[in-house]
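What follows is the residue order along each chain.
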Amino acid sequence: MLNTVKNIGQKEKIKLFLEQRKPIIEDWKHTYYLWKSTPLAMIGTVIIFIFLTVAIFAPLFTTYSPTEQFMEERLLPPSSQHIFGTDQYGRDIFSRVVYGARIEVWIIFIVSIISVMIGIIVGITAGYFGSAVDEILMRITDMFLAFPRLILAMVLTAVLGPNLTNTMIAISLVDWTVYARLGRAEAMKVKSQPYIEAIRAVGAKDLRIIAFHVLPMSISPVIVQLTLRMGTIILTAAGLGFLGLGAQPPTPEWGAIVSDGRSYLVDQWWISTFPGMAIAFVVLGFNLLGDGIRDILDPRLRR
Amino acid sequence: MQKVRGDLLNISKLKVVFYTYRGIIKALNGVELWMNQGERLGIVGETGCGKSVTALSIMGLIEQPGEIIEGDILFGDKLLTSMKENELINIRGKEISMIFQEPNAALNPVMKVGFQIAESIGKVKNKKIGKEVYAEVRRMLEIAGLDWERTINLYPHELSGGMAQRVMIAMALSSNPKLLIADEPTSALDVTIQAQILELLDELVKKFGNAVILITHNMGVAAEFCDKMAVMYAGNMVEYARTTNIFENPHHHYTRGLLKAVPKIGRTDELQSIPGIVPDLVNPPSGCRFHPRCKHVMDICRKDFPPLVEIKPGHYVACYLYWKEGIKNANS
């Protein structure tokens with residue numbers, strides 16, 4: 001309709017544009033209202049917002065380098081100079097926690113991409129082709145699911161060699177099974193829809209059907225699941241870091257910092273406590289946000 | 001191999017089964033069908049008699065757990081049943097297109113209508129989707145009687161059933177296929193729209209000269225549209241003749257039963273249903289699958305399946321009642 005009316009001013013164009021998009025705008029308004037009326041989702045959003053801001057603008061918040069060592073300032077308690085205190089090498093804990101946020105964001109980002117990609121490819125292939133392909137791929141998935149998640153991640157990092165990159169690969173290799181199962185279920189549902197049969201009747205090849213018709217329809221539940229799992233990803237990464245299998249010193253990864261302060265816990269409690277609190281805070285934030293998103297998107301609760 | 005009886009499509013002794021937990025469903029039991037170029041064939045029969053399965057077999061779209069276990073489908077000079085999937089892909093859409101029953105469900109709900117037509121045109125003409133293809137999309141929408149400016153950017157849920165079916169027709173005819181299979185194209189639409197869609201199909205097919213297989217359970221629709229009609233029952237072709245012959249002079253007792261069940265203005269006698277129910281295709285009756293419901297059942301009907309024989313020129317019936325006539329015709 002926009003292209004039928006040509007000679008109108010800019011203002012009217014905007015007005016027309018808004019009028020046409022009215023249902024979508026109304027829908028967004030309603031979503032905002034629901035978000036506002038779910039306090040837990042709001043708290044989660046605020047926490048994640050703080051987490052991301054801190055990660056992006058880390059240098060603005062800190063005065064000390066996260067890795068530089070000042071041996072004369074070692075093991076200082078929290079004060080106005082070092083608000084979270086210093087560790088056994090005289091490094092500022094606050095700087096380490098703030099820069100640690102960057103590493104956690106990086107881990108979440110990479111793990112999400114790798115695991116969703118593997119999961120979606122395996123799941124949709126299995127669901128779309130069915131029969132033998134399905135059996136083989138899903139039994140492989142079951143093999144991964146059979147191990148406790150943390151144990152498998154530990155084994156994988158131990159085999160690959162403990163460093164940050166390998167941690168991310170290991171967590172991805174543990175995490176993809178969830179998306180594979182979800183993707184498979186969705187692909188099976190979409191596959192039997194009449195429009196897939198119709199597009200096959202036009203002569204579309206399997207690859208095209210999967211990429212253009214099955215994938216877009218099956219991706220949304222996977223995305224929702226991903227937001228719900230981000231907390232778990234951090235927890236796994238921190239767990240591996242704590243066990244010394246994750247990021248290696250002096251990388252300021254939260255789990256590794258907690259591990260650093262372990263032997264000083266009785267007298268110098270601040271080394272482990274503050275990064276531990278950061279982990280708890282962010283995981284809580286992701287879980288609250290995930291729950292909130294699920295509630296907001298639930299069509300039964302929407303109206 | 002059977003003799004070639006039509007110059008466009010020849011189906012001989014086609015058997016399709018579906019493997020299910022309940023047992024093997026014998027969906028098609030030796031279907032025979034043939035048609036010439038530019039002809040319009042109506043396939044009628046009750047729900048579950050194998051009309052759609054026949055159509056899907058022609059397209060090569062029978063999927064697990066189904067399988068074609070016997071028979072040939074000859075399209076022009078190509079034997080479709082022995083072709084591999086990647087060869088069939090070049091036939092689908094290009095030489096044989098299909099229109100589906102639920103037009104709204106047959107369009108991908110997350111894609112704009114214009115893009116979906118462009119996709120199929122691009123595939124058929126082997127072009128990247130661009131300006132040229134979209135020009136063709138507009139032309140096809142116009143031909144299908146839609147205002148392209150309004151329709152091209154709509155999503156399927158914004159279309160009414162009639163509009164969606166017009167879009168499907170635009171898509172199916174964009175490649176100018178030799179054969180168009182319309183699987184109950186009007187069943188999901190209300191009566192006035194039905195008439196419009198049939199008129200549109202009629203007009204376009206006349207213009208482009210495509211052959212059409214119209215699958216329907218509505219005898220009226222078939223009578224209006226088709227040159228020839230094939231009546232199916234429980235996976236078999238039981239009668240095949242010109243439409244006028246089927247209506248004026250039906251031979252098979254199933255066809256007669258069907259016609260007696262059609263309401264008509266001015267009809268004074270009572271509508272009659274065929275006694276009995278459609279057989280379970282996991283355990284179909286022996287011999288002629290219609291024999292438990294047939295008034296004129298003979299011993300031979302219970303033992304053997306009657307072949308499709310020509311009892312008059314161009315009129316084929318699969319029934320032992322006319323078996324002798326058929327033999328006479330074949331010999332003379």
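- Going by what an unreviewed UniProt entry lists, chain B is known as Peptide ABC transporter ATP-binding protein and is assigned to Candidatus Sediminicultor quintus.
- Comment text from UniProt for chain B, heading Sequence similarities (unreviewed entry), reads "Belongs to the ABC transporter superfamily."
- Note on chain B: under the UniProt heading Subcellular location (unreviewed entry), the record states "Cell inner membrane".

**Notes on the sheet that holds strand S5 (residues 78-79) of chain B**
Residue and element names in this part refer to chain B.
And then number 1: The sheet built from 4 strands is open, its strands ordered S2-S1-S4-S5 with antiparallel pairing. This sheet does not close on itself; its edge strands, each paired only once, are strand S2 (23-35) and S5.
And then number 2: Two strands pair when backbone bridges link them, and strand S4 (residues 66-75) and S5 are joined in this way by 2 bridges, in the antiparallel orientation. Following the sheet pairing, Leu74 is matched in S5 by Leu79.
And then number 3: Sitting on the sheet, helix H1 (residues 51-59) is in contact with strand S1 (9-20), S2 and S4, with an inclination near 110° to S1.

**Regarding the interface of chain B and chain A**
And then number 1: Each partner contributes to the interface: chain B provides 26 residues, whereas chain A provides 18 residues.
And then number 2: Together chain B and chain A conceal approximately 1900 Å² of surface at their shared face, both sides included; 63% is due to carbon and sulfur atoms.
And then number 3: Between chain B and chain A we count 2 salt bridges in total.
And then number 4: With a closest N to O distance of 3.0 Å, Arg200(A) and Glu63(B) form a salt bridge.
And then number 5: Linking chain B with chain A are 6 residue pairs in polar contact (both at pLDDT 80 or more).
And then number 6: Where the side of chain B that touches chain A is concerned, the elements lending two or more residues are H1, helix H2 (85-91), strand S6 (96-99), helix H3 (113-125) and helix H6 (161-173) of chain B.
And then number 7: The leading source of residues in the side of chain B that touches chain A is H3(B), at 4 residues.
And then number 8: Taken together, the residues that form the side of chain B that touches chain A break down as 17 nonpolar, 3 polar and 6 charged.

**Remarks on the nonpolar core**
And then number 1: Counting 104 residues, the largest nonpolar core has Leu9(B), Ile58(B), Ile96(B), Ile117(B), Leu179(B), Ile181(B) and Ile213(B) as the members making the most contacts within it.
And then number 2: With 61 residues, the next largest nonpolar core counts Val111(A), Ile124(A), Tyr195(A) and Trp270(A) among its residues.

**Focus on the confidence of the model for chain B**
When pLDDT drops low, the exact placement of atoms in the prediction is not to be read closely.
And then number 1: With 97% of its residues at a pLDDT of 70 or more, chain B shows a mean pLDDT of 86.
And then number 2: This prediction of the complex comes with two scores: 0.76 for pTM and 0.76 for ipTM.

**Quick word on the pairing of strand S10 (residues 236-242) of chain B**
Looking down a regular strand, the side chains alternate between one sheet face and the other.
All names here are of chain B.
And then number 1: With 6 of 7 residues buried, S10 is to be regarded as a mostly interior element.
And then number 2: Examined bridge by bridge, strand S9 (residues 228-233) and S10 share 6 bridges and lie antiparallel to one another. By the bridge assignment, Met229 is partnered in S10 with Ala241.
And then number 3: Taken together, S9 and the strand that follows it, S10, pair antiparallel across an intervening segment of 2 residues, in which Ala234 is found at a positive phi of about 45°.
And then number 4: Sheet topology note: the S10/strand S12 (residues 315-317) ladder contains 2 bridges and is antiparallel.

**Comments concerning the UniProt feature "domain: ABC transporter" (unreviewed entry) in chain B**
And then number 1: Mapped onto this structure's residue numbering, the UniProt feature "domain: ABC transporter" (unreviewed entry) falls at residues 12-259 of chain B.
And then number 2: Secondary structure across residues 12-259 of chain B comprises 39% helix and 27% strand; the distance between its end C-alpha atoms is 27 Å.

**Concerning the environment of Thr216(B)**
Residues and elements named next belong to chain B.
And then number 1: As for its placement among the helices and strands, Thr216 is situated in strand S8 (residues 211-216).
And then number 2: Along the backbone, Thr216 and Ile129 are 87 residues apart, and their C-alpha atoms lie at a distance of 35 Å.
And then number 3: In contact with Thr216, other than residues within four places in its own chain, are Ile43, Val44, Gly45, Lys51, Glu184, Val221 and Ala222.
And then number 4: Within the structure, the side chain of Thr216 is placed 2.8 Å from the backbone nitrogen of Asn218, a separation counted as a polar contact.

**A look at the side chain of Thr186(B)**
And then number 1: Turning to its location among the elements, Thr186(B) is positioned in the loop between strand S7 (179-183) and helix H7 (191-208).
And then number 2: Excluding its chain neighbours within four sequence positions, the residues that come into contact with Thr186(B) are Gln194(B), Ile197(B), Leu198(B) and Val221(B).

Calculation notes
Residues numbered from 1 in each chain as written. Chains lettered and ligands numbered in written order. Predicted model: local features only at pLDDT ≥ 70, side-chain atom pairs only at ≥ 80, totals over all residues. Heavy atoms only, no water. UniProt positions renumbered as here; feature names shortened; annotations may be inferred. Pairing = 2+ DSSP bridges. Helix = DSSP H or I, 4+ residues; strand = E, 2+ residues; numbered from the N terminus. Contact = heavy atoms within 4.5 Å. Axes fitted to C-alpha atoms, helices over the stretch in contact; angles between N-to-C directions. Buried area = accessible area lost by both parts, 1.4 Å probe. Salt bridge = Lys/Arg side-chain N within 4 Å of Asp/Glu carboxyl O. Polar contact = N/O pair within 3.5 Å; in protein donor to acceptor, adjacent residues only side chain to side chain. Nonpolar A, V, L, I, M, F, W, Y, C, P; charged D, E, K, R; others polar. Core = buried A, V, L, I, M, F, W, Y, C linked by side-chain atoms within 4.5 Å. Buried < 20%, exposed > 50% of the residue type's maximum accessible area, 1.4 Å probe, protein only. pLDDT = per-residue confidence, 0-100.

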